[in-house]
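Inside the fold
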Amino acid sequence: WSSWMSELVPKRIRGRYFGRRTALCMLGGALTAAATGCVIDHTPSDQARGVVLASLQIVGCAAGLVTTALMLRQHDPRPERVLVELSWARILQPLRDPAPRGFLIYLASWNTAMGLAGSYFSLHMLRNLKLGFTLIALHSTALAVVRMVAAPGWGRTLDRLGARPVLLACSFGISAVPFIWLFPRQDCLWPLAIDVVVTGVLSSGHSLAMFNLPLALAPRAQRPFYLAAFSTVAGLAYSLATLAGGLLTQALPDETQWVGYTLRDLQLVFVLSGLLRLAAAFTAFGIREHAARDLGALWTV
C-alpha cells in the first residue's frame, strides 16, 4: 500500500496530502472511539457487553467491505506491469545497502523503546487510575483531535524541509511523554491534559515523517522490497519489546517507593521506555535524506 501511495501522490505535495489525510482519519477515529466508549460503559451487564462488542466487530467488517469497494475504483498510476524476480538477493538488498542503514538502526531502537510500554498506557488508566471506558475513550478522542489539528501544519513543514528534521524534533519530544504519566493519580487527572497536547502534536509529526521518510529513502525500482524490510525490522522490534514489557511488569513489585513518591509497576516501565526513547532519538542523526534541511531549520518555519 505504501509503495502504491508513493506512485499516486507526487513527492512535492506528499507531506500536505498525507497531513490532510491523517487529519480526516483522526476525525473518524475520534468520533468512533468516543461513541464506542460511551456504549460499552452504559451497557448494563457483562453478557450484554459481549453482544455489543461482537456487534462492533460486525460494523468494523462492514466498513472494511465499503473501503474495499472504494479502493477498487482507484486507478493504477502505472498501467504497465513490471515483473520483478523474487530472490533472496533482492529481499536482503535493503539490509546490505549502506544508504538506509541509519534509518534501520533508528527503526529497531525506536520501536523497541515504544513497544516496551506502548500497550500498557490504557491498562494503567483502567487498573491504576480507575478510569472507565468513557473517560479512556474521551482521552483517545482528545488525542485524535489534537493530531488532526496538527497534521496539516506538519505536512507543509515536511514538504519544505524534508522528513528528517521533523523526525528528529518529534523523537526527542516524545521521549518526555512517558514521564508525564508519573503524575496522574485517581484524585489528580489534569496531567492527562498535558499528555493529550504534547503527544497529539508530536505524534502527528512523527507519524507523517515515518511514512514519508521510507518513501524518500527507497529507490523506486526496489521500493516494495525496501518498505518490506523497514516494516519487518520495525514489527519485530516492537513485538519483542512488548513481550519484554509484559514479562518485566510481572517481575516488578506492585508499588515502589522513590523519594517519598509511590510508583506503580507500569510507571516504572514507562520510565524505562522514556529513557530508551531518548537514546533512540539520538540514532536519528545517522539518517541520511537527500536535500533535507537540518534540525535548526525547524525554528525558521
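Conventions adopted
- Residues numbered from 1 in each chain as written.
- Predicted model: local features only at pLDDT ≥ 70, side-chain atom pairs only at ≥ 80, totals over all residues.
- Heavy atoms only, no water.
- Helix = DSSP H or I, 4+ residues; strand = E, 2+ residues; numbered from the N terminus.
- Rg over C-alpha atoms; globule rule 2.2 N^0.38 Å.
- Buried < 20%, exposed > 50% of the residue type's maximum accessible area, 1.4 Å probe, protein only.
- Areas by Shrake-Rupley, 256 points an atom, 1.4 Å probe, with all protein chains shown as cover.
- Lys, Arg positive; Asp, Glu negative; His and termini not counted.
- Charge placed at Lys NZ, Arg CZ, Asp CG, Glu CD.
- Polar contact = N/O pair within 3.5 Å; in protein donor to acceptor, adjacent residues only side chain to side chain.
- Contact = heavy atoms within 4.5 Å.
- Core = buried A, V, L, I, M, F, W, Y, C linked by side-chain atoms within 4.5 Å.
- Salt bridge = Lys/Arg side-chain N within 4 Å of Asp/Glu carboxyl O.
- Patch = residues over 30% accessible without salt bridge, like charges linked within 9 Å, V, L, I, M, F, W, Y side chains within 5 Å.
- Expected span 1.5 Å × (residues − 1).

Turning our eyes to something else, we now look at the overall build of the chain. Looking only at helices and strands, the chain has twelve helices and two strands in total. Starting at the N terminus, the α and β elements of the chain follow one another as α-α-α-α-α-α-α-α-α-α-α-β-β-α. Its C-alpha atoms give the chain a radius of gyration of 21 Å, within 12% of the compact-globule value 19 Å for 301 residues. By principal-axis analysis of the C-alpha atoms, the chain measures approximately 60 × 45 × 40 Å. Across the 301 residues in the chain, those meeting the buried criterion constitute 40%. Put simply, the chain shows about 16300 Å² of open surface, and 67% of that area lies on carbon and sulfur atoms. Of note, the chain has its 26 positive side-chain charges centred 9 Å away from the centre of its 15 negative side-chain charges.

We now examine the side chain of T43. As for its placement among the helices and strands, T43 is situated in the loop between helix 2 (14-41) and helix 3 (46-72). Accessibility expressed as a relative area gives 9% for T43, which makes it buried. Polar side-chain contacts of T43 include one of 2.6 Å to the backbone oxygen of V39. Excluding residues within four positions of it along the chain, T43 makes contact with A48, R49 and V52.

This brings us to the nonpolar core. Formed by 37 residues in total, the largest nonpolar core has its most connected members in F103, Y106 and I287. Listed by contribution, the elements that provide at least two residues to this core are helix 2, helix 5 (101-118), helix 7 (133-161), helix 8 (163-174), helix 10 (191-217) and helix 11 (223-251). Per element, the largest residue contribution to this core is seven residues, and it comes from helix 10. With sequence-adjacent residues up to four places away left out, Y106 is seen in contact with N111, L167, S171, H206, M210, A280, T283, A284 and I287. Counting 14 residues, the second largest nonpolar core, distinct from the first, contains F121, V177, L266 and V269.

Before going further, it helps to spend a moment on the pattern of salt bridges. Scanning the model with the defined rule gives five salt bridges in all. Taking the shortest distance from any N to any O, the salt bridge between R16 and D159 comes out at 2.8 Å. Taken together, the positions of R16 in helix 2 and D159 in helix 7 put the pair 143 residues apart, joining distant regions of the chain. When its relative accessible area of 35% is taken as the criterion, R16 is described as partly exposed. By relative accessible area, D159 is classed as partly exposed at 25%. One connected set of salt bridges, linked through shared partners, spans E7, R220 and R223.

Take a nonpolar patch on the surface next. Among the surface-exposed residues, L24, L27 and L31 lie close enough to one another that they form a single nonpolar patch of about 310 Å² accessible area. Its location among the elements puts L24 in helix 2. Given the relative accessible area of 61%, L24 is considered exposed.

All right, on to helix 8 then. A rise of 1.5 Å per residue sets the reference length of helix 8, with its twelve residues, at 16 Å; its end C-alpha atoms lie 16 Å apart and thus fit the reference within 8%. For helix 8, the tally of buried residues reaches nine of twelve residues, placing the bulk of the element in the interior. Listed as buried for helix 8 are A163, R164, P165, V166, L167, L168, C170, S171 and I174. In this fold, the buried residues of helix 8 make contact with helix 5, helix 7, helix 9 (177-180), helix 10 and helix 12 (265-283).

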